[in-house]
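Spelled out, the chains give:
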Amino acid sequence: MSDARKPKMREAAEDAPLPKLDVESQPKRAPDMPLSPELSYLQRKAEVAQQDHEVFSEYLQEKIARDQQQKVQLAEPPPKAPTKVNRRSLLTWAAGTAVVGEAVTLGYPMVTGQSIPAQGLQHGGGTYTEAQRHPIDREFVNPKADVGGRNFGSWVLLMPTKLGGGTYAVNLETGRALAWISYWNYGDYNPISHHLCAFPSADPAKGFEWINSTQGGKNALIYGIPTNIETPGEGFNIYRVRFDGAQMELMENVAETTGLGLGVHVTIDPKTAERYFVTDGQKDIAACFDRRTSRVIAAIKYDWVPNVRNLAGGWQKGGTLKISKIYPDPKTGKYDYLGTKGQKIEWEMVPMGELFVEEGTIPGDDVHGLCGADGTIWHPSGRWASTVVRLCGGQVILDAEKNFEPVAFLQFNKDAPNQYPIKKIDNDHWEVTFDKIFSPGHEVGFSPDGRFLCMMNNLRENNCSVFDSSDPDPRNWKKVAHIEDPLWRGKYPNPFHMVFAMDSSKLYLSILHPSPASSGVMVVDTSTWKIKKEIQGIGPDMQTLAITYDGKYVVGVFSGFQRLSSGIAFIDAETDELVGIWPSNGGHHDCVIIPTKLEHMKHTRSCTL
């Protein structure tokens, strides 16, 4: 790696302004020293967080009052293996406010079925001077992990560690980490292991392959963690990695191979598992790669041209979304988007951070042109793909059989039309014109049966919007529901990541609460799109959800915003009860259960983000 791509360290100084671990407090600095863009962002982020906490406190108080009014009496848990928690017994939620609520992390003991071999007790510490004459009892350990007598099955859970710079896999049957990899070892000086997706393997414990996107640049500086790094490494690599049953090995850096450095969502074609998308919302580029050759099948760039040239109204007052096919240099066969090259903003829009763009808190070379195209999913049939465009509050539907030509734009905001027409300019250019945009959006997903398509309406609307996607022509897809909790106020609590039950009968939503409050999971009946249940207090930064392919357990990870409490939560998919939490190291907010059959791809990150 060239010196130009290595991180630049800040010279040690007693008064050097470093981001603090506690982002709720302002970083110290000399009175006459101007704030850097990164520290200005952290200061503004802290101000917004304080406002969020105040609004969230009102929400908690109102929720408590509602419960008291309805005189909801929750049963006392049995003395052993409690399964339910009295909501009123949870105390203050740690953000500096004395509010009674659901924001305390719940602890669940892990009970294992292992026993200590008898000979370990009989001979431990003994001293012998003569040859042992009696037979030795030799027992081969076959570990099994369970929680309260529950076994989660022989599935393998793969998780990135984000700022930890690597990825690791856990066998859910044994509770053991199978292996782990650190990208620092390969000369990546800023390996923010972000998102991943795995190809099917008949026996994941013996081997599997996956694609891992990594962020880079100043994304390393936006969480308020103390550091001497002034200019982080460029990063933005795409790693193809293999687990061979014993260890993990980096097979290829697809970014170096193709010249496309993309760092956000990764999804695999569920029809063949032979191609995959990587999409980056800082560069607004979505690219589809061939699994075997890493050839770029198609690369699509999204650009925003606002009606007004001020950030505050640059998206709300409408504009034009320009969609373009982009191609590599014919001489080199490569694109020119390695590292941070081509990024419009210098760090990502973190969850609930879209409005920082409108107020100019996130700097960049082309902030006005940002649309936040950071994820592309697949219809379960593989017939269609869909790129989420966060700042436009909708999705571009791509024809996977016609080289991913755009065919429709679905608008998920409540008061907006179902669709905006796509105008074809030529074979490589398309446009979508908006009169106004009501709210940004974020995560998206198809139901496994392909009948429904969901998208989170973040911030200004704070709901999950549902389209009927059963018609064979996407231009006929229409909004049919909006999932909302009447107590949600402001932008919190907020529906974020999702996973469907195997039979599409239920939708599980991770519900974000402001840091460091514990988030939870909401269960939705897809026959009515009504909320059935909310599981509260699981852990901070509860994000990606997965489901075991036998349909028995929903698995979710929480990362503590890269530095706080983290773990793996297990929910019984039949009773919708939280049955246990395992410890987990790393600042992940993503996970995938390795599919063992091609049909499992309909239930993985191929179809939900």
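These numbers were taken from a predicted model, which means no experiment stands behind them. (Residues numbered from 1 in each chain as written. Predicted model: local features only at pLDDT ≥ 70, side-chain atom pairs only at ≥ 80, totals over all residues. Heavy atoms only, no water.)

## Let's talk about the overall build of the chain
Phase 1: Tallying secondary structure elements over the chain gives four helices and 34 strands in all.
Phase 2: The burial tally for the chain puts 57% of its 609 residues in the buried class.
Phase 3: Pairs at least 24 apart in sequence give 58% of the contacts found in the chain among residues at least 6 apart.
Phase 4: Surface exposure of the chain reaches about 24900 Å², of which carbon and sulfur atoms provide 50%. (Helix = DSSP H or I, 4+ residues; strand = E, 2+ residues; numbered from the N terminus. Buried < 20%, exposed > 50% of the residue type's maximum accessible area, 1.4 Å probe, protein only. Contact = heavy atoms within 4.5 Å. Areas by Shrake-Rupley, 256 points an atom, 1.4 Å probe, with all protein chains shown as cover.)

## Topic: the pairing of strand E2 (residues 156-160)
Phase 1: Counting buried positions over the five residues of E2 gives five, a clear majority of the element.
Phase 2: Alternating residues of E2 divide into Val156, Leu158 and Pro160 and Leu157 and Met159, and every residue in both groups is buried.
Phase 3: Strand direction decides the pairing type here: E2 and strand E3 (residues 166-171), joined by five bridges, are antiparallel. Following the sheet pairing, Leu157 is matched in E3 by Val170.
Phase 4: Taken together, E2 and the strand that follows it, E3, pair antiparallel across an intervening segment of five residues, in which Lys162 is found at a positive phi of about 50 degrees.
Phase 5: Bridge analysis of E2 against strand E34 (residues 592-593) gives two bridges, and the strand direction is antiparallel. In the sheet register, Leu157 faces E34, and the bridge partner there is Ile593. (Pairing = 2+ DSSP bridges.)

## Side note on empty space enclosed by the protein
Phase 1: Across all of its chains, the model carries eight cavities of 30 Å³ or more by this definition.
Phase 2: Computed from the structure, the largest cavity encloses a volume of approximately 410 Å³.
Phase 3: Lining the largest cavity are 26 residues, with Lys45, Pro351, Tyr492, Ser515 and Phe561 sitting closest to its centre.
Phase 4: Ranked by residues supplied to the lining of the largest cavity, first place goes to helix H1 (residues 37-70) with five residues.
Phase 5: The calculated volume of the second largest cavity comes to roughly 160 Å³.
Phase 6: Put simply, the parts of the chain that give the lining of the second largest cavity at least two residues each are strand E5 (192-198), strand E22 (441-446) and strand E26 (494-500).
Phase 7: Residues belonging to the lining of the second largest cavity are distributed by class as follows: five nonpolar, ten polar and four charged. (1 Å grid on protein atoms, 1.4 Å probe; cavity = no way out; pocket = protein on both sides within 12 Å on 5 of 7 lines; lining within 4 Å. Points joined across faces, edges and corners; volume = space filled by probe spheres on them. Nonpolar A, V, L, I, M, F, W, Y, C, P; charged D, E, K, R; others polar.)

## Comments concerning the pattern of salt bridges
Phase 1: For the structure on display, the rule yields 30 salt bridges.
Phase 2: The salt bridge involving Glu348 is made with Lys162; its shortest N-O contact spans 3.3 Å. Taken together, the positions of Glu348 in the loop between strand E14 (319-325) and helix H4 (354-358) and Lys162 in the loop between E2 and E3 put the pair 186 residues apart, joining distant regions of the chain.
Phase 3: With a relative accessible area of 10%, Glu348 lands in the buried category.
Phase 4: Classification of Lys162 by relative accessible area gives buried; the value is 1%.
Phase 5: A salt bridge links Arg291 to Glu209, with the shortest nitrogen-to-oxygen separation between them at 3.8 Å. With Arg291 in the loop between strand E12 (285-290) and strand E13 (296-306) and Glu209 in strand E6 (residues 208-215), this pair connects stretches of sequence that are 82 residues apart.
Phase 6: Judged by its relative accessible area of 12%, Arg291 falls in the buried class.
Phase 7: Given the relative accessible area of 14%, Glu209 is considered buried.
Phase 8: Salt bridges sharing partners connect three or more residues here, namely Glu209, Arg240, Glu252 and Arg291. (Salt bridge = Lys/Arg side-chain N within 4 Å of Asp/Glu carboxyl O.)

## Quick notes on the side chain of Asn212
Phase 1: For Asn212, the position within the fold is in strand E6.
Phase 2: Here Asn212 falls in the buried class, since its relative accessible area comes to 0%.
Phase 3: Among the polar contacts listed, one links the side chain of Asn212 to the side chain of Ser193, at a separation of 3.2 Å.
Phase 4: Beyond its immediate stretch of four places on either side in the chain, Asn212 contacts Thr167, Tyr183, Ser193, His194, His195, Leu196, Asn237, Ile238 and Tyr239. (Polar contact = N/O pair within 3.5 Å; in protein donor to acceptor, adjacent residues only side chain to side chain.)

## Quick look at the sheet that holds E12
Phase 1: Across the sheet, which stays open at both edges, the seven strands sit in the order E10-E11-E12-E13-E14-E21-E20 with antiparallel pairing between neighbours. The two strands at the open ends of the sheet, each matched to only one other strand, are strand E10 (265-268) and strand E20 (422-426). Neighbour-to-neighbour, the strand axes of the sheet open up by a mean angle of 20 degrees, direction not taken into account.
Phase 2: Sheet analysis places strand E11 (residues 275-280) next to E12, joined by six bridges and oriented antiparallel. (Axes fitted to C-alpha atoms, helices over the stretch in contact; angles between N-to-C directions.)

## Thoughts on the confidence of the model for the chain
Caution applies to low-pLDDT regions: their predicted coordinates should not be interpreted in detail.
Phase 1: In this model, the chain carries a mean pLDDT of 86, and residues with pLDDT of at least 70 account for 85%.
Phase 2: Under a pLDDT of 50 for its full length, residues 12-27 has, in the predicted model, 37 contacts with residues more than four places off or in other chains.
Phase 3: Of the regions scoring below 50 in pLDDT, residues 81-126 engages in 101 contacts with residues more than four places distant in sequence or in other chains. (pLDDT = per-residue confidence, 0-100.)

## Observations regarding the pairing of strand E31 (residues 553-558)
Phase 1: Burial of E31 is extensive: six of the six residues sit out of reach of the surface.
Phase 2: Side chains of E31 alternate between two faces, with Tyr553, Val555 and Val557 and Val554, Gly556 and Phe558 buried alike.
Phase 3: In textbook terms, the turn of a hairpin is the stretch between consecutive antiparallel strands, and for strand E30 (residues 542-547) and E31 this stretch comprises five residues, one of which, Gly551, has a positive phi near 80 degrees.
Phase 4: Where E31 and strand E32 (residues 567-572) come together, six bridges link them in antiparallel fashion. Note that in E32 the partner of Val554 across the bridge is Ile571.

## Digging into the sheet that holds E3
Phase 1: Pairing is antiparallel across the open sheet formed by four strands, whose spatial order is E4-E3-E2-E34. Looking at the sheet topology across the chains shown, the edges are occupied by strand E4 (177-182) and E34.

## Re the nonpolar core
Phase 1: By size, the foremost hydrophobic cluster in this structure holds 44 residues, and its most contacted members are Tyr302, Leu321, Val396, Phe404, Phe409 and Phe434.
Phase 2: Tyr302 has contacts with Asp284, Ala286, Leu321, Lys322, Ile323, Lys344, Cys371, Ala373, Thr387, Val396 and Leu398, leaving out every residue within four places of it along the chain.
Phase 3: Among the nonpolar cores identified, the runner-up in size contains 26 residues, and Phe452, Leu459, Leu507 and Ala517 belong to it. (Core = buried A, V, L, I, M, F, W, Y, C linked by side-chain atoms within 4.5 Å.)

## Examining the environment of Phe243
Phase 1: Here Phe243 shows up in strand E8 (residues 238-243).
Phase 2: Considered as a pair, Phe243 and Ala205 are 38 residues apart in the sequence and their alpha carbons are 8.7 Å apart.
Phase 3: Non-local contacts of Phe243, meaning those with residues more than four positions away in its chain, are made with Leu178, Ala179, Pro204, Ala205, Lys206, Gly207, Phe208, Trp210 and Met248.

## Topic: the environment of Arg475
Phase 1: Residue position: Arg475 is located in the loop between strand E24 (463-468) and strand E25 (478-483).
Phase 2: C-alpha separation for the pair Arg475 and Tyr420, spaced 55 residues apart in sequence, amounts to 9.6 Å.
Phase 3: If sequence neighbours within four positions are ignored, Arg475 has contacts with Val407, Ala408 and Gln419.

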